[in-house]
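What follows is the residue order along each chain.
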Amino acid sequence: ETKKLYVNKINILGNNITSEEFIRNQLLVDEGDPFNQLLHNKSINTLKSKGIFGSVVSKVYDSEETAKTDIDIIIEEKATGEISAAAGFGTDGSSLSFGIKENNFNGKGIVLETNLSISQDAVRGLVNYSHPNFAYSERALNTSLESTVTDKLSTYGYKSTLNRASLGTRYEQFDNLFFSPSFSISDESLETTSSASSAYKKQEGSYFDTLFSYGLTYDLRNSPYQPTDGFVSRWYQEIPVTSDDSTIINGYTFTTYKELSDDLIISSGIYARAANSLSNDDVRVSKRLFAPQSRLRGFETGKVGPKDGSDHVGGNYITTFNTSSTVPYIFQTMENTDLKVFLDVGNVWGVDYSSSIDDSNKIRSSSGIALEFFTPIGPMSFSYAETITKADTDVTESFRFQLGTTF
């Protein structure tokens, strides 16, 4: 039993750009509520997790009124616009990406993002808009436009062009359980030449899809900002509403965090996805699955898994396991620097149109170090990974470097 206090006044200080309304919308304890230290700390961590403040500090002190307390929340704002560039270097070429992002548009925490990524045979452009509290509904509004061109006419005899628009929302349905439904429409064309495989020739043509997708996220982390305990679990499903091949995608991710001692935090997680056709057709080229680069470091994106001739075609199934640990006593005086060691294990397998080419069903694994820090010219990250096990058809990528700057 502790003395019950009520919040008398909350003062927001230092926010010259960010609206006070946006800041107050993140608070779980408001004026007039019973003061709860745990909920107050969670509110401060939520503000920190937005990534738009240099620092967030709170001061709690006795009010002049009996059995009441006052709270000062002191905000230090920082530049929230980013110009980012990324490069990956591997044994079989490189990849580049460039993007512009504003994380606090109009001082309301709105995210505006556009980026372009270029690899040896693909170009992808994306424009994304995300409003955290649309029309004061306590629901986020997310919309995006995406275009991807995969040109392998000269090498594998096919070219895929995909354009997609999506609209969705995200909100807390129950305590710590978030629901994120979304609708999208897409138009895709696939053209082939005489050198294309029979599987690609069979899929040549134009496609129009309407899809419904949703996510269920159960978040029991002790903090969304640098968590040290708890877990986050997410189920994802993409369901065809109108589609020529009726591909359904199911996915699940789970990540847990545990602090063993000061500055020694271990995080572990699994990632799994499956793409299958409800009409027993072959899964289309653009919907086949590839391991995300962040889940299987040490390998070039899109160059792991089944291979049809010389072409990596992706799989119907993906599963990965990842674990990493911070390295204590190194850079501990540098608040914006993290050094981690990691182990990634995964597999990409399954070719629905042919069982004879799925000969790379093998566990891949890698281990390495990752350094992340914020410099005067922007956020910078560097990772080095060495493969432990791999298939002969996989393409490795030891180094990955990313640099961004702010304006």
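Conventions used here
The written sequence of each chain sets the order in which its residues are numbered from 1. Only residues with pLDDT of at least 70 get local features here, since the model is predicted, and only at 80 or more are side-chain atom pairs given and counted; chain-wide, interface and lining totals rely on the full set of residues. Only hydrogens and water are set aside; all other atoms, that is, all heavy atoms of the structure, feed into the side-chain values. The helix count covers DSSP runs of H or I at least four residues long, the strand count covers runs of E at least two residues long, and both are numbered beginning at the N terminus. Note on method: radius of gyration uses C-alpha positions; expected globular size equals 2.2 Å times residues raised to 0.38. Only the protein chains shown count as cover for residues, with accessible areas throughout obtained via the Shrake-Rupley method and a probe of 1.4 Å. Here the positive residues are Lys and Arg and the negative ones are Asp and Glu; neither His nor the chain ends is included. By convention, the point assigned to a charge is CZ for Arg, NZ for Lys, CD for Glu and CG for Asp. Only centres within 6.5 Å qualify two rings of Phe, Tyr or Trp (six-membered ring in Trp) as a pair; their planes then separate them into stacked at under 30 degrees, edge-to-face at over 60, and tilted for everything else. Think of it in three bands: with a 1.4 Å probe and only protein chains considered, a residue is buried below 20% of the maximum accessible area for its type, exposed above 50%, and partly exposed in between. A ring is scored as having a charge over it whenever the NZ atom of a lysine or the CZ atom of an arginine sits within 6 Å of its centre and within 35 degrees of its normal. Expected helix span is given by 1.5 Å per residue-to-residue step, counting one fewer step than there are residues. Any two residues having at least one pair of non-hydrogen atoms within 4.5 Å are treated as being in contact. Definition of a polar contact: a pair of N or O atoms within 3.5 Å, with one able to donate and the other able to accept a hydrogen when the atoms are protein atoms, and with sequence-neighbouring residues admitted only if both atoms are side-chain atoms. The rule is simple: put a 1 Å grid over the protein atoms alone, call a set of points where a 1.4 Å probe fits but cannot get out a cavity, call an open set with protein on both sides within 12 Å along at least five of seven lines a pocket, and count a residue as lining if it has an atom within 4 Å of a point. Grid points are joined across faces, edges and corners, and a volume is the space filled by probe spheres set on the points. Within this document, salt bridges are pairs made up of a side-chain nitrogen of Lys or Arg and a carboxyl oxygen of Asp or Glu, the two lying within 4 Å of each other. DSSP calls a pair of strands paired once it identifies at least 2 bridges connecting them. For patch building, the residue pool is restricted to those with more than 30% relative accessible area and no salt bridge; the joining distance is 9 Å between like charges and 5 Å between nonpolar side chains (Val, Leu, Ile, Met, Phe, Trp, Tyr). Here the axes come from fitting lines to C-alpha atoms, over the contacting stretch only for helices, and the angles between their N-to-C directions go from 0 to 180 degrees.

Draft legend 1. Spotlight on the overall build of the chain. A count of helical and extended segments in the chain gives three helices and 21 strands. Computed over the C-alpha atoms, the radius of gyration of the chain is 24 Å, within 12% of the 22 Å expected from 2.2 N^0.38 for a compact globule of 407 residues. With the principal axes as the frame, the chain shows a C-alpha extent of 85 × 45 × 40 Å. For the chain, the exposed surface amounts to about 21000 Å²; the carbon and sulfur share of it is 54%. Charge separation in the chain, taken as the distance between the mean sites of 36 positive and 52 negative side-chain charges, equals 1 Å.

Draft legend 2. Structural context of the packing of aromatic side chains. Counted according to the given criterion, the structure contains ten aromatic pairs. Centroid distance Y158 to Y200: 4.1 Å. Interplanar angle 45 degrees. Geometry classified as tilted. Here Y200 lies in helix α3 (residues 198–202) and Y158 lies in strand β9 (residues 158–174), a separation of 42 residues in the sequence. Overall, Y200 belongs to the buried group, its relative accessible area being 5%. Taken together, the aromatic side chains of Y171, F179, F183, F212 and Y214 make up a single cluster linked through ring pairs. One cation-aromatic arrangement involves R139 over Y171; the distance from NZ or CZ to the ring centre is 4.2 Å. Positioned above the aromatic ring of Y207, the side-chain terminus of R284 is 4.2 Å from the ring centre.

Draft legend 3. Representation of helix α2 (residues 37–49) within the structure. Given a rise of 1.5 Å per residue, 13 residues ought to cover 18 Å, and the 18 Å separating the end C-alpha atoms of α2 matches this to within 8%. Looking only at α2, the buried set comprises H40, S43, I44, N45, T46 and L47. Where the residues of α2 are buried, they touch α1 (20–25), β2 (53–62) and β3 (68–77). The opening residue of α2 is N36, an N-cap whose side-chain oxygen sits 3.0 Å from the backbone nitrogen of L38. Taken from the residues just after α2, G51 is the one with a positive phi, measuring 75 degrees.

Draft legend 4. Structural context of the layout of surface pockets. Taken as a whole, the second largest pocket holds about 190 Å³ of empty space. Lining the second largest pocket we find 14 residues, and of these Q120, D121, T155, Y156 and K303 sit closest to its centre.

Draft legend 5. Region of interest: the pattern of salt bridges. One pass over the structure, following the stated rule, counts 16 salt bridges. In this structure, the salt-bridge partner of R364 is D394, at a minimum N-O distance of 2.7 Å. Pair noted here: R364 is in strand β19 (residues 364–375) and D394 is in the loop between β20 (378–389) and β21 (399–406), with a separation of 30 residues, a long-range link. Connected through salt bridges with shared partners, the residues E188, D209, D245, R284 and K287 form a single ionic network.

Draft legend 6. Summary view of the pairing of strand β14 (residues 264–277). Pairing between strand β13 (residues 247–261) and β14: 14 bridges, direction antiparallel. Bridge pairing links T247 to S277 in β14. The hairpin turn running from β13 into β14, its antiparallel successor, is two residues long, and D263 in that turn takes a positive phi close to 65 degrees. In the sheet, β14 pairs with strand β17 (residues 317–326) via nine bridges, with the strands oriented antiparallel. Across the sheet, residue S268 finds its bridge partner in β17, namely T323.

Draft legend 7. Representation of the environment of E138. Among the secondary structure elements, E138 is positioned in the loop between β7 (122–131) and β8 (140–152). Separated by 113 residues in sequence, E138 and N25 have C-alpha atoms that sit 8.5 Å apart. Setting aside residues no more than four positions away along its own chain, E138 makes contact with N133 and Y171.

Draft legend 8. Spotlight on the environment of T396. Looking at the secondary structure, you find T396 in the loop between β20 and β21. Separated by 96 residues in sequence, T396 and E300 have C-alpha atoms that sit 5.5 Å apart.

Draft legend 9. Seen up close, a negative patch on the surface. Negative charge collects at one region of the surface, where D229, E259, D262 and D263 lie side by side. Secondary-structure assignment places E259 in strand β13. Judged by relative accessible area, which is 36%, E259 ranks as partly exposed.

Draft legend 10. Representation of the side chain of S43. Relative to the helices and strands, S43 resides in helix α2. A distance of 2.8 Å separates a polar side-chain atom of S43 from the backbone nitrogen of L28. With sequence-adjacent residues up to four places away left out, S43 is seen in contact with Q26, L27, L28 and V29.

Draft legend 11. Spotlight on the sheet that holds β3. Across the sheet, which stays open at both edges, the three strands sit in the order β1-β3-β2 with mixed pairing between neighbours. Either end of the sheet is taken by a strand with one partner, and the two such strands are β1 (6–13) and β2. Shown here is a sheet whose adjacent strand axes are inclined to one another by a mean of 15 degrees, direction ignored. Contacts from α2 reach β2 and β3, with the element oriented near 160 degrees to β2.

Draft legend 12. Up close: unusual backbone geometry. At N106, a residue that is not glycine, the phi angle is positive and equals roughly 60 degrees. When you line up the elements, N106 lands in the loop between β5 (93–105) and β6 (110–118). Here N106 falls in the exposed class, since its relative accessible area comes to 55%. Unusually for a residue other than glycine, Y136 sits at a positive phi of about 55 degrees. Here Y136 shows up in the loop between β7 and β8.

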